[in-house]
Amino acid sequence: MKKTILSLVAGLFMLTCFSQNKDHNVENDSISMTTAKTDSIMEEKAKKRQEMMAKIEATVTFPVLEAGTFSGVIPVEDVTEIPDPNLEYKLLFELVNFDSDTPSKLDASIVEVARIINLHVASGIPLENISPVIVVHAGSLNAFTTNEFYNGKFKMDNPNMKLIGELEKLGAKFISCAQAMFFFEVDKEALLPMFKVSLTAQTILSSYQRRVM
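Since the model is a prediction, treat every value here as computed from it, not as a measurement.

J.: Got a minute to help me understand the pattern of salt bridges in this structure?
T.: Pairing is possible between side chains that carry opposite charge, provided their charged atoms lie close to one another. Scanning all chains against the criterion turns up two salt bridges. Of the charged contacts in the structure, one is a salt bridge between Arg115 and Glu112, with a shortest N-O distance of 3.0 Å. Residue Arg115 and its partner Glu112 are located together in helix H2 (residues 108-122), separated by three residues, close to a single helical turn. The partly exposed category is assigned to Glu112, whose relative accessible area is 32%.

Put into structure tokens, the structure is as follows:
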């Protein structure tokens, strides 16, 4: 009788272990399938991004400023809404972001300024009718500092120098926020020499907004 009971217990134990192992294997298989599916989706997305980038790079044009692919313009045929080329276009830019993880790359905010100017020229607006005002505060101050300051902070020269110089030649006006300069520890000597300093970016923004109303 005892042997029979022991045999039954042993059998039940074996069945339980088998069932748990089977469930565990099924769970592992399910996780593996999910991971493989996720990897496949990510690979497909990456492939599509690469194909799109190749298509953009083969098509994009640079009417005035060339600052990488994303500063360019995609040509469009049969445009039916055209801005008045005789107006004066006062472009007000507020730059606040800076990617400190990739200080060796062109600053994305400055590239966007170049793109917007390119878009205006591509739309038929004469360059002499475009007046950019670039208001800089928060982390974006770093992108407009001298090589000496940039080297001290990021161990490399400022990669934005050429593009900033080209914007200056186009007549762009650069204004920094003294409040941000204090908080981000960027003094006047650290900024590029074309900068004017305002007490705060907020009053400059409101002031220039009223000028174009």
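J.: Would you take a moment to explain unusual backbone geometry for this structure?
T.: What is expected of a backbone is that most residues other than glycine have negative phi and most peptide bonds are trans. With a phi angle near 55°, Ala138 is a residue other than glycine that sits in the positive phi range. By the secondary structure assignment, Ala138 is in the loop between strand E2 (130-136) and helix H3 (147-154). The backbone phi angle of Glu185 is positive, close to 55°, even though this residue is not glycine. You can see Glu185 is positioned in the loop between helix H5 (178-183) and strand E4 (196-198).

J.: Can you help me understand the packing of aromatic side chains in this one?
T.: Centre-to-centre distance and the angle between the planes together describe a pair of aromatic rings. Evaluated as defined, the whole model comprises seven aromatic pairs. A centroid spacing of 5.5 Å and a plane angle of 45° characterise the contact between Phe98 and Phe154, whose relative ring orientation is tilted. With Phe98 in the loop between strand E1 (89-95) and H2 and Phe154 in helix H3, this pair connects stretches of sequence that are 56 residues apart. Here Phe98 and Phe154 have matching classes, each one buried. With 6.1 Å between their ring centres and 55° between their planes, Phe144 and Phe174 make a pair best called tilted. Taken together, the residues Phe144 in the loop between E2 and H3 and Phe174 in strand E3 (residues 173-177) connect sequence positions 30 residues apart. Overall, Phe174 belongs to the buried group, its relative accessible area being 1%. Through successive ring pairs, a cluster of aromatic residues spans Phe98, Tyr150 and Phe154.

Rules behind the numbers
- Residues numbered from 1 in each chain as written.
- Predicted model: local features only at pLDDT ≥ 70, side-chain atom pairs only at ≥ 80, totals over all residues.
- Heavy atoms only, no water.
- Salt bridge = Lys/Arg side-chain N within 4 Å of Asp/Glu carboxyl O.
- Helix = DSSP H or I, 4+ residues; strand = E, 2+ residues; numbered from the N terminus.
- Buried < 20%, exposed > 50% of the residue type's maximum accessible area, 1.4 Å probe, protein only.
- Phe/Tyr/Trp six-rings, centres within 6.5 Å; stacked < 30°, edge-to-face > 60°.

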